[in-house]
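Overview (structure and organization)
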Amino acid sequence: MDVIVADNAGFCFGVKRAIKMANETLDGAEGQVQALGPLIHNPQVVGSFQKRGLRVAESLEDITPGATVVIRSHGVGPSVKEGVEAKGLKVVDTTCPFVTKAQWYAAKLIEDGYKVVVIGDAKHPEVVGIVAHTGGKAIVLNTIAEAEALKFIGRLGVVFQTTHSILHVQEVVGALLKRSKEVRVFNTLCGATTAMQKTAVELAPDVDAMVIVGGRLSANTAQLAEVCRKVNDRVVQIESAAELDPAWFAGVRRVGVSAGASTPDEVIAEVVDRLTQMEPAATTA
Ligand code: SF4
């Protein structure tokens with residue numbers, strides 16, 4: 001099959017930065033190094049860091065005394081940072097600057113007297129961290145129906161999970177406009193994700209099928225697949241080349257590939273290799 005890889009596929013600036021900082025910390029560490037939650041949402045990357053000795057701790061209580069704590073790119077709430085400091089632990093904070101900005105805007109909106117709405121997935125660690133920066137006062141919603149169900153609020157302040165699509169947040173903000181007299185919106189979408197979605201959506205209508213590569217828990221990978229589904233019916237999301245099933249590609253001659261922000265280049269290359277090797281005859285319906 002012919003395989004076309006979309007521009008901007010794979011590692012974003014924030015993930016590259018987090019990986020670099022974690023590697024430098026492991027290189028120079030004398031004691032244990034532990035990450036608060038998986039460093040990024042990619043099992044291959046997390047696995048290779050574990051081999052280098054980076055342990056994943058689920059909470060502050062799991063941190064070994066004296067360890068260096070790596071805060072992941074999704075960020076954490078203020079109380080977690082205070083807890084780390086109170087324990088006297090060394091901290092390496094890899095929070096992506098785009099996420100820091102979203103946390104800052106959410107806190108500022110609360111300070112200025114707005115009821116804050118975060119458009120995002122309430123369970124995602126980035127959103128949990130943003131909400132914590134509002135002292136737990138923010139409402140999290142993710143759909144037009146949820147926005148429409150909101151009771152009328154005088155002053156609404158809105159921020160977005162950084163990896164959402166512009167189209168989605170525009171729709172939800174549109175619904176919020178009917179629920180308040182004043183809606184103040186900070187565009188906290190990340191430029192890297194927006195560029196990645198744009199190039200994938202431009203490619204998707206020109207190919208017979210799209211393959212989106214990335215961790216199953218990666219929000220930006222799921223969004224990437226979602227935006228491509230709006231312009232191409234045949235979109236599959238996989239974590240690695242091993243999941244590629246020739247049966248999915250019946251009749252496909254040209255396939256597009258894009259990848260979430262935490263997908264390593266070698267994983268994308270394996271997917272491209274495997275797709276390229278699929279004989280057109282084997283993919284005929
Ligand atoms: S996807 Fe965007 S917000 Fe997330 S780590 Fe990458 S650059 Fe930062």
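Treat the numbers as computed from the prediction; the structure is a model and nothing was measured.

Across its full length, the protein carries 10 helices and 12 strands. For 285 residues, the compact-globule estimate of 2.2 N^0.38 gives 19 Å, and the C-alpha radius of gyration of the protein, at 21 Å, lies within 12% of that figure. Along the longest, intermediate and shortest principal axes, the C-alpha atoms of the protein span 60 × 55 × 25 Å. Counting over 285 residues, the protein shows a buried share of 49%.

So, about the packing of helix H8 (residues 191-203) against helix H9 (residues 219-229). Where H8 contacts H9, the two axes come as close as 9 Å, and the packing angle between them is 30°. Our classification of the angle between H8 and H9 gives roughly parallel. In the crossing of H8 with H9, the sense of the turn from one axis to the other is right-handed. Here H8 contributes Thr193, Met196, Gln197, Ala200 and Val201 to the contact with H9, which in turn contributes Asn220, Gln223, Leu224, Val227 and Cys228. In the contact of H8 with H9, the residues fall into 6 nonpolar, 4 polar and no charged.

It is worth spelling out the environment of Gly66 at this point. For Gly66, the location among the structural elements is in the loop between strand S3 (54-57) and strand S4 (68-71). For Gly66, a relative accessible area of 64% gives the class exposed. For the pair Gly66 and Asp93, spaced 27 residues apart in sequence, the C-alpha separation works out to 16 Å.

Within the sequence span of helix H7 (residues 166-176), burial applies to Val169, Val172, Val173, Ala175 and Leu176. Taken down its axis, H7 places every buried residue within 155° of arc, on the same side. Looking at the buried residues of H7, the elements they touch are strand S6 (115-119), strand S7 (139-141), helix H6 (144-148), strand S8 (153-160) and strand S9 (180-185).

With respect to topology, 4 strands assemble into an open sheet ordered S3-S2-S4-S5, the strand pairing being parallel. The sheet is open, and its two borders are formed by S3 and strand S5 (90-93), each paired with just one other strand. Taking each pair of neighbouring strands and ignoring which way they run, the sheet shows an average axis angle of 30°. On top of the sheet, helix H1 (residues 13-28) reaches strand S2 (33-36), S3, S4 and S5; it is set at about 150° to S5, its chief contact.

What surrounds the ligand is the set Cys12, Gly14, Cys96, Phe98, Thr162, Thr163, Cys190, Ala192, Thr193 and Ala261. Residue composition of the shell around the ligand, by class: 6 nonpolar, 4 polar and no charged. Here the shell around the ligand spans two domains, and each of domain 1 (2-10 + 192-283) and domain 3 (98-189) adds at least three residues to it.

The subject of this paragraph is the sheet that holds S9. The parallel open sheet is built from 4 strands, whose spatial order is S7-S6-S8-S9. In this open sheet, the two strands that pair with only one neighbour each are S7 and S9. Sheet twist, expressed as the average angle between the axes of neighbouring strands with direction ignored, equals 30°. Here S8 pairs with S9 via 5 bridges, running parallel. Each residue of the ladder has a partner; that of Leu156, found in S9, is Val183. Across the sheet, helix H4 (residues 97-111) lies against S6, S8 and S9, angled at about 170° from S8, the strand it touches most.

Turning our eyes to something else, we now look at the domain arrangement of the protein. When the domains of the protein are assigned, the result is domain 1 (2-10 + 192-283), domain 2 (13-96) and domain 3 (98-189). Of note, the centres of domain 2 and domain 3, computed from C-alpha atoms alone, are 27 Å apart. With 11 residues of domain 2 at the contact, the number on the domain 3 side is 10 residues. Approximately 790 Å² of surface area, both sides summed, lies buried where domain 2 meets domain 3, with 64% of it carried by carbon and sulfur atoms.

In this section: the packing of aromatic side chains. Inspection of the entire model under this criterion finds 4 aromatic pairs. Between Tyr105 and Phe186 the ring centres are 4.0 Å apart and the planes differ by 10°, which places this aromatic pair in the stacked class. Taken together, the positions of Tyr105 in helix H4 and Phe186 in the loop between S9 and H8 put the pair 81 residues apart, joining distant regions of the chain. For the residue pair Tyr105 and Phe186, the accessibility class agrees, reading buried in each case. Members of the aromatic cluster, connected to one another through ring pairs, are Trp104, Tyr105 and Phe186.

So, on to the nonpolar core. Counting residues in each nonpolar core, the largest one holds 27 residues, and the members touching the most others are Phe49, Leu54, Val70, Met210, Ile212 and Cys228. If one sorts the elements of this core by residue count, H1 sits on top with 4 residues. Looking at which domains feed residues into this core, each of domain 1 (2-10 + 192-283) and domain 2 (13-96) supplies at least three. Ile212 has contacts with Thr221, Leu224, Ala225, Cys228, Val235, Val236, Gln237, Ile238 and Ser258, leaving out every residue within four places of it along the chain. Core analysis: the second largest hydrophobic core is formed by 19 residues, Val213, Leu244, Phe249 and Val252 among them.

Rules and cut-offs
- Residues numbered from 1 in each chain as written.
- Predicted model: local features only at pLDDT ≥ 70, side-chain atom pairs only at ≥ 80, totals over all residues.
- Heavy atoms only, no water.
- Helix = DSSP H or I, 4+ residues; strand = E, 2+ residues; numbered from the N terminus.
- Rg over C-alpha atoms; globule rule 2.2 N^0.38 Å.
- Buried < 20%, exposed > 50% of the residue type's maximum accessible area, 1.4 Å probe, protein only.
- Axes fitted to C-alpha atoms, helices over the stretch in contact; angles between N-to-C directions.
- Parallel < 35°, antiparallel > 145°, perpendicular 65-115°, else oblique.
- Left-handed = near helix turned anticlockwise from the far one by under 90°.
- Contact = heavy atoms within 4.5 Å.
- Nonpolar A, V, L, I, M, F, W, Y, C, P; charged D, E, K, R; others polar.
- Arc of directions from axis to C-beta.
- Pairing = 2+ DSSP bridges.
- Near = heavy atom within 4 Å.
- Domains from an automatic or database assignment.
- Buried area = accessible area lost by both parts, 1.4 Å probe.
- Phe/Tyr/Trp six-rings, centres within 6.5 Å; stacked < 30°, edge-to-face > 60°.
- Core = buried A, V, L, I, M, F, W, Y, C linked by side-chain atoms within 4.5 Å.

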